[in-house]
Protein chains: 2
Amino acid sequence: MHASSRVAALHNIATRLRIDSVRATTEAGSGHPTSCCSAADLMAAIFFSEMRYDPRTASNPDNDRFVLSKGHAAPVLYAAWAEAGIISHDALLTLRRFDSDLEGHPTPRLPWVDVATGSLGQGICAAVGIALNARRINSDYRTYVLLGDGEIAEGSVWEAAHAADHEKLDSLCGIVDVNGLGQKGPSLWNHDIKAYVDRWQAFGWHVIAIDGHDMDAILRAFDEARSTRGKPTMIVAKTIKGKGVSFVEGKPGWHGKPFKKGEEFDRAIGDLEKQFVPEELPAAQPRPRSVSRPPAKSPAPLGPPSYALGDKVATREAYGSALARLGANDERVVALDADVGNSTFSEKFEKQYPKRFFEAYIAEQVMIGAAMGFAARGAIPFPSTFAAFLSRAADFIRMAAISGSNIKVAGSHAGVSIGEDGPSHMALEDLAMMRAQPNITVLYPCDAVSTDRLIERMAYHTGPAYMRTSRPKTPVIYGPDDVFRIGGLNVLREAGSDVATVIAAGVTVFEALEAHDLLGKQGITIRVIDLYSVQPIDTATLVRCARETKGQLITVEDHYVAGGIGDAVAAAVAGHGFAVHRLAVREIPRSGAPEQLLDYYGISARHIVAAVTEGRRA
Amino acid sequence: MHASSRVAALHNIATRLRIDSVRATTEAGSGHPTSCCSAADLMAAIFFSEMRYDPRTASNPDNDRFVLSKGHAAPVLYAAWAEAGIISHDALLTLRRFDSDLEGHPTPRLPWVDVATGSLGQGICAAVGIALNARRINSDYRTYVLLGDGEIAEGSVWEAAHAADHEKLDSLCGIVDVNGLGQKGPSLWNHDIKAYVDRWQAFGWHVIAIDGHDMDAILRAFDEARSTRGKPTMIVAKTIKGKGVSFVEGKPGWHGKPFKKGEEFDRAIGDLEKQFVPEELPAAQPRPRSVSRPPAKSPAPLGPPSYALGDKVATREAYGSALARLGANDERVVALDADVGNSTFSEKFEKQYPKRFFEAYIAEQVMIGAAMGFAARGAIPFPSTFAAFLSRAADFIRMAAISGSNIKVAGSHAGVSIGEDGPSHMALEDLAMMRAQPNITVLYPCDAVSTDRLIERMAYHTGPAYMRTSRPKTPVIYGPDDVFRIGGLNVLREAGSDVATVIAAGVTVFEALEAHDLLGKQGITIRVIDLYSVQPIDTATLVRCARETKGQLITVEDHYVAGGIGDAVAAAVAGHGFAVHRLAVREIPRSGAPEQLLDYYGISARHIVAAVTEGRRA
């Protein structure tokens, strides 16, 4: 079936990949050569026989895609690029250096990397999104993802498994490099190939078990995968960790250890160099089909939404409406949800654009991971769920930040204002989670108009962004001419006599406005700020207001005290010597009515009045 | 096999559970009656035939345990307690009220609840830990966990699946209430019972598929589960959402909707009341065996570790040594790890106490979940992995905080100081994640002695706690008489002439000490604080130092700027009008040598010197 010359050539490529991986890690003094060696034959077949891609053009939308889910095998990926002429062989020896983009684990600083990997079990989730994207752009590109056997223990892998099964993603081909060894010792299922086969089959995949060092078998498996219709394929490849280096083959204790310069390194290279075989010229590698596509149109601005002042609309509902409006305007917009589209209101988008909506069911990790895959291939994905449950995907959000991924995350039902469902459903740490990442934009609108306007801003701002929405209905306070921008805020009440600046966002904006009116009856005026952009933050205006209100800054937020709006404002004004009085939730809350909870946990109008009054006394 | 009278009695109990669930949710005006109705027959069998427990004594260590993984069915759980005489029937009508402990989703405010649920896919992970704990205390109690079909899509469920399989946990019995409907529409596999059976079988469980409304079949299934050896059992119960209320049975659109008072409610109750059947007295319910155990001994204090000043020891290694010392002293201590025990050094504990060590493989969610289960049953669990990968379990940590769970989490390899592995492996948001939870103690020692001493403090402090450790070796700076306490700090350098207070922790303590020496050569003195307890924080000493150093506070941390030490100190001193100058990582970092990265990202001694100098100029 496969000419022997092709097999011989690929075998030699695999040997070169091993040599390059060993060289690079020894030069770096750290890294995972044995994890590269187990995968080298698979990598040679993937990159030099199976995949159709144009090595000169990473951006070609019809290139087959490859994701290294076992990110610690980065050196073998870089070696494959060198073999393909994408980077120089010399560059390989800069591995893990500060002045090199060949990092310890792959990141999208490199144009051929779609998503950063290194946190295991994530690459396959992104691969699901990349494969789904092929449908969106009507491309026949295929998506390949190489996993380690250790990472199969991650639950996220099984979220990807059922998502790909549900979507019948036959353009997705996974390969598990079952070298049987984890970091510390044997992996969970070691070399029990049946354990892998049974599980993937039960999850609806076409499964092919092979010897991962038998090049003929590898090529046949890829042929079979490519001709399999209606389901994704998982190739379970039994391999040997450290394959090709006699004194480490299959031995524990060699994870993440480079060979020492000198005798050890020389012996490893010697072992490998012996493995070259005579070869003839390999068959020419296939290239991607060129697909002609109409030039991308710049979407027209959305224009103002049709809300009237005083309308009572939950920001979560305004989110859904805005997303549907945006979807009409821009075909790149896709939405994903985790079985709560009737609560986040992403169902408004789904109803109009069912082909661009992906139901992740109750599986938040693959939802965010797939969104990262979509974003990497040019879509503008909006994954949404209850903000509390985004914490299930915190590690994915962390890696999305590392990737600079263009995902637009929406979390609904923030804070104690959700009421009766209780603390499991209250997001009180989502701002802390999102703000911690220095490149995530964090938006938190209080009414329907600002929500709508900020969705558009968020969509066309490059990089990861988060919008926090609320469960209760809130009155529309903005009109069609009000302007919102990333990094902006709105001063809602301002007078020369203001004794304090109260900074609120979301539901607490209305508490602050009420406090303004209550204090007004006593002849006291306060400034009220709607901090709809929590990150980046409008430092200049905050500092100006602090100066104009005698340094009295009070923040009030439906969030725990650590990592939220209070901390954001405090960090912004610290350089000018101002401190911040924080009103926030300070204990684990319980079920109750929303107004009752806002009051009990110290973030209602009454508490703002007290803080202002106390500040005046101090 | 089962006397018909028993079946009739259980059937009637199930009807009463349905009626109570409907009543409570209608009274509350929110909640999930239809999710209760599908589970009612299963609940009746579990609580009134299968489980051996003493309803008067929640604390009996030999009681069989029940976890409601589908936490939104809380009303049916509360109804079962009322039926068992644990709470009053009147109490049921306080559901979801602020003055009631019967919250929207169960929390351990109630003594029969081991772990808070409501975030799906977590209860089964805790159940794994609860079942493992039976082995620790040599009890034959069994652990039951009821799951919804929707939550089976969560990857964490499959982590629990392989963990229970690997541990051959035959005392664990899961029940999936396959009512076929999620929140928004059909669940992922709807009523495809084979889809569930195949997956659980592939994961090594004994699987029994039944009609979840056929009481005879339910009882037979539990008999079969109880007699199954060497593997856990999953009962896949096909049910009907809203079962018993004719006009909602199996209908979508009724998730999380109580019946409206009046006609709708009356009709539902009428439907249910018609279902009572004549019954004879049921068989007496089994009780747990009483096991005689020696009285618990109070562990003796550990005494100082044997490090010498100047020894170079990584805090992660000191963590492992301390844990092993603690384990010798206290049999309640157990350790868990996610395949990186040779990096976190939990392997030091494993080598000495293999029976109290649990390898979770690369599955951080079940590691934290199982730790919560252990903690709920009296163990003192220390789960550990790279701090970066604790973010994979962020939602579990959130729920552990809600549970007030007595888990002792350790995260190694914090910050850019890990060097070459790159950003995927650098925890730079773990302090933000942990600090966000108001009841999590956050410790961050800089040397081996403080690590050792704080492990003991952490173990015997009730409630969730986190210790952050570092990869690089650092010199021992403390002696055997130094005292460390939760909420404490150490002033390492102090003089009357100090011009600034530099607050550091972990690796940056040594940068601060170096800055102290560099500035000393210019005749400038600074105060240096080792903030080993980040939460709670020693506000009084920080305020005193701020006053004594002209308000110049500089924090320096190997963490992103948001949510870390700078924010913690700023929040502490804000009430006294002080602001904080934060040195922290402010962008996504890259691979490189540790010292290079500390310097490039602005947290080395040089930057501290610059900040002090600048502060003096301002």
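Note that the coordinates shown come from a computational prediction; the quantities given were computed from them, not determined experimentally.

## With respect to helix α7 (residues 193-202) of chain A
All names here are of chain A.
- Of all 10 residues in α7, seven are buried; the element is thus mostly enclosed.
- Restricting attention to buried positions, one finds in α7 the residues I193, A195, Y196, V197, R199, W200 and A202.
- Downstream of α7 by one or two residues, G204 has phi in the positive range, about 90°.

## A few points about the interface of chain B and chain A
- Contacts between the two partners involve 103 residues from chain B, matched on the other side by 103 residues from chain A.
- Carbon and sulfur atoms make up 53% of the surface buried where chain B meets chain A, a total of about 7900 Å² over both sides.
- It is F98, K184 and R392 of chain B that lose the most area in chain B upon contact with chain A, and together they represent 12% of the buried surface on that side.
- Our enumeration of links across chain B and chain A arrives at 14 salt bridges.
- For E359 of chain B, the salt bridge is made with K184 of chain A, and the minimal N-O distance between the two is 3.1 Å.
- At the surface where chain B touches chain A, the tally comes to 57 residue pairs in polar contact (both at pLDDT 80 or more).

## Brief notes about the sheet that holds strand β3 (residues 172-178) of chain B
Residues and elements named next belong to chain B.
- Taken in spatial order, the five strands of this open sheet run β1-β2-β3-β5-β4, and their pairing is parallel. Pairing within the sheet leaves two strands with one partner each, and these edge strands are β1 (65-68) and β4 (206-211). The sheet shows a mean angle of 20° between the axes of neighbouring strands, direction not considered.
- In terms of strand pairing, β3 meets strand β5 (residues 233-238) through six bridges, oriented parallel. Along β5, the bridge assignment pairs V176 with V236.

## Describing the relation of the copies chain B and chain A
- Between the two copies, chain B and chain A, the superposition gives an RMSD of 0.0 Å; the rotation angle is 180° and the shift along the axis is 0.0 Å. In the structure described here, the two chain copies are related by an operation that fits a two-fold rotation axis. If distances are taken from each C-alpha of chain B to the rotation axis, the shortest is found for G155 of chain B, at 1.8 Å.
- Residue by residue, 100% of the interface of chain B is reproduced at the interface of chain A, so both copies engage with the same surface.

## Things to note about the packing of helix α17 (residues 508-521) of chain B against helix α21 (residues 605-617) of chain B
Residue and element names in this part refer to chain B.
- Where α17 contacts α21, the axes come no closer than 8 Å and their chain directions differ by 55°. Comparing the axis directions of α17 and α21 gives the class oblique. Where α17 crosses over α21, the handedness of that crossing is right-handed. Contacts between α17 and α21 involve E511, A512, E514, A515, L518 and L519 from the first element and A605, I608, V609, V612 and T613 from the second.

## Comments concerning helix α3 (residues 74-84) of chain B
- Of all 11 residues in α3 of chain B, nine are buried, a share of seventy percent or more.
- Residues of α3 of chain B that are buried: A74, P75, V76, L77, Y78, A79, A80, W81 and A82 of chain B.

## Comments concerning the sheet that holds strand β19 (residues 581-585) of chain A
Residues and elements named next belong to chain A.
- Taken in spatial order, the five strands of this open sheet run β14-β16-β15-β18-β19, and their pairing is mixed. Looking at which strands have only one partner, the edges of the open sheet turn out to be β14 (490-493) and β19. Neighbour to neighbour, the strand axes of the sheet diverge by 25° on average, direction disregarded.
- Of the pairings in the sheet, the one linking β14 to strand β16 (residues 527-530) comprises three bridges and is antiparallel in character. What sits directly across from N490, in β16, is D530.
- Helix-sheet contacts for helix α19 (residues 539-548) involve β14, β15 (501-504), β16 and β18 (553-560), and the interaxial angle to β16 is about 165°.

## Examining the packing of aromatic side chains
Residues and elements named next belong to chain A.
- Scanning all chains against the criterion turns up 47 aromatic pairs over all chains.
- Geometrically, the ring pair formed by F247 and F259 is edge-to-face, given 5.7 Å between the ring centres and 65° between the ring planes. Separated by 12 residues along the polypeptide, F247 in the loop between β5 (233-238) and α9 (263-273) and F259 in the loop between β5 and α9 bring together distant segments of the chain.
- Take F247: its relative accessible area is 13%, and that puts it in the buried class.
- Ring geometry for F349 against Y353: centres 5.3 Å apart, planes inclined by 50°, an arrangement best described as tilted.

## Quick look at the environment of P383 of chain B
All names here are of chain B.
- With respect to the secondary-structure elements, P383 resides in strand β9 (residues 380-386).
- In this structure P383 comes out as buried when scored by relative accessible area, which is 0%.
- A sequence separation of 206 residues divides P383 from D177, and the C-alpha atoms of the two residues are 30 Å apart.

## Observations regarding the packing of helix α2 (residues 33-50) of chain B against α3 of chain B
Residue and element names in this part refer to chain B.
- Viewed as axis vectors pointing N to C, α2 and α3 meet at an angle of 35°, and their least axial separation amounts to 10 Å. α3 is crossed by α2, and the crossing has right-handed handedness. Where α2 approaches α3, its residues C36, A40, M43, F47 and F48 are matched on the opposing element by P75, V76, L77, A80, W81, E83 and A84.
- Classifying every residue of the contact of α2 with α3 gives 11 nonpolar, no polar and one charged.

## With respect to the nonpolar core
- Membership of the largest hydrophobic core comes to 331 residues, with the highest contact counts inside it found for W200 of chain A together with W200 of chain B.
- L77, W112, Y144 and I218 of chain A belong to the second largest nonpolar core, which has 52 residues in total.

Definitions and limits used
- Residues numbered from 1 in each chain as written.
- Chains lettered and ligands numbered in written order.
- Predicted model: local features only at pLDDT ≥ 70, side-chain atom pairs only at ≥ 80, totals over all residues.
- Heavy atoms only, no water.
- Buried < 20%, exposed > 50% of the residue type's maximum accessible area, 1.4 Å probe, protein only.
- Helix = DSSP H or I, 4+ residues; strand = E, 2+ residues; numbered from the N terminus.
- Contact = heavy atoms within 4.5 Å.
- Buried area = accessible area lost by both parts, 1.4 Å probe.
- Salt bridge = Lys/Arg side-chain N within 4 Å of Asp/Glu carboxyl O.
- Polar contact = N/O pair within 3.5 Å; in protein donor to acceptor, adjacent residues only side chain to side chain.
- Pairing = 2+ DSSP bridges.
- Axes fitted to C-alpha atoms, helices over the stretch in contact; angles between N-to-C directions.
- Least-squares fit on C-alpha atoms with pLDDT ≥ 70 in both.
- Parallel < 35°, antiparallel > 145°, perpendicular 65-115°, else oblique.
- Left-handed = near helix turned anticlockwise from the far one by under 90°.
- Phe/Tyr/Trp six-rings, centres within 6.5 Å; stacked < 30°, edge-to-face > 60°.
- Nonpolar A, V, L, I, M, F, W, Y, C, P; charged D, E, K, R; others polar.
- Core = buried A, V, L, I, M, F, W, Y, C linked by side-chain atoms within 4.5 Å.

Coordinates in, geometry out; function isn't part of it.
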